[in-house]
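# Fold and geometry: a report
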Amino acid sequence: MQDEFGPNFITLTDEDGNDIELEYVDALELDGQTYMAFFPVVEDEDDPKAEAEAEEYGLVILKSIMENGEELLSTLDSDEELNEIYDLFMEQLLEDEEDS
């Protein structure tokens, strides 16, 4: 995690050096591990290219890890872990919608 510019937004740099702005959606804990869900931010909603790029990423799920006493965000270790956590987030988001 490079820069934080508010309680709901972060900017990450991918392996190609591209900055990706993400909006925090929700978090959950499973077996002592904290997972966080984000949606890519669309800066210009009238720009179809920007909208397509955001949709390409979809829901971004990262996990919180401690490294050298510092909290970092990391990708998940396997497709199985990703699928399980994605399903849990989708259940949680649907429940939140129904409660609204």
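For the structure itself, look to the data block above.
This report concerns the structure included in the present document. (Residues numbered from 1 in each chain as written. Predicted model: local features only at pLDDT ≥ 70, side-chain atom pairs only at ≥ 80, totals over all residues. Heavy atoms only, no water.)

Glancing now at the overall build of the protein chain. Of regular secondary structure, the protein chain possesses two helices and six strands. Mapped in sequence order, the helices and strands of the protein chain form the string β-β-β-β-α-β-β-α. Pairs at least 24 apart in sequence give 35% of the contacts found in the protein chain among residues at least 6 apart. Accessible surface for the protein chain amounts to roughly 7100 Å². Of this, 42% is attributable to carbon and sulfur atoms. (Helix = DSSP H or I, 4+ residues; strand = E, 2+ residues; numbered from the N terminus. Contact = heavy atoms within 4.5 Å. Areas by Shrake-Rupley, 256 points an atom, 1.4 Å probe, with all protein chains shown as cover.)

According to the stated counting rule, one finds two salt bridges in the structure shown. Between Lys63 and Asp77 there is a salt bridge whose closest N-O contact spans 2.6 Å. Here Asp77 lies in the loop between strand E6 (70-74) and helix H2 (79-99) and Lys63 lies in strand E5 (residues 60-67), a separation of 14 residues in the sequence. By relative accessible area, Asp77 is classed as exposed at 66%. A salt bridge links Glu81 to Lys63; the shortest N-O distance between them is 3.7 Å. Here Glu81 is found in helix H2, whereas its partner Lys63 is found in strand E5, with 18 residues between them in sequence. Given the relative accessible area of 14%, Glu81 is considered buried. Linked by salt bridges that have partners in common, Lys63, Asp77 and Glu81 make up one network. (Salt bridge = Lys/Arg side-chain N within 4 Å of Asp/Glu carboxyl O. Buried < 20%, exposed > 50% of the residue type's maximum accessible area, 1.4 Å probe, protein only.)

Here the focus is a negative patch on the surface. Together, Asp31, Glu84, Asp87, Glu91, Glu95, Asp96, Glu97, Glu98 and Asp99 give the surface a local cluster of negative charge. Its relative accessible area of 77% is what places Asp31 among the exposed residues. (Patch = residues over 30% accessible without salt bridge, like charges linked within 9 Å, V, L, I, M, F, W, Y side chains within 5 Å. Lys, Arg positive; Asp, Glu negative; His and termini not counted. Charge placed at Lys NZ, Arg CZ, Asp CG, Glu CD.)

Over its 21 residues, H2 extends 30 Å from the first C-alpha to the last, a length consistent with the 30 Å expected when each residue adds 1.5 Å. Three or more residues of H2 are buried, namely Glu81, Ile85, Phe89 and Leu93. Seen end-on, H2 carries its buried residues on one side only, within an arc spanning 90°. Residues Asp79, Glu80, Glu97 and Glu98 are exposed on H2 and point more than 90 degrees away from its buried face. Along its buried surface, H2 packs onto strand E3 (19-30), strand E4 (33-40) and E5. (Expected span 1.5 Å × (residues − 1). Arc of directions from axis to C-beta.)

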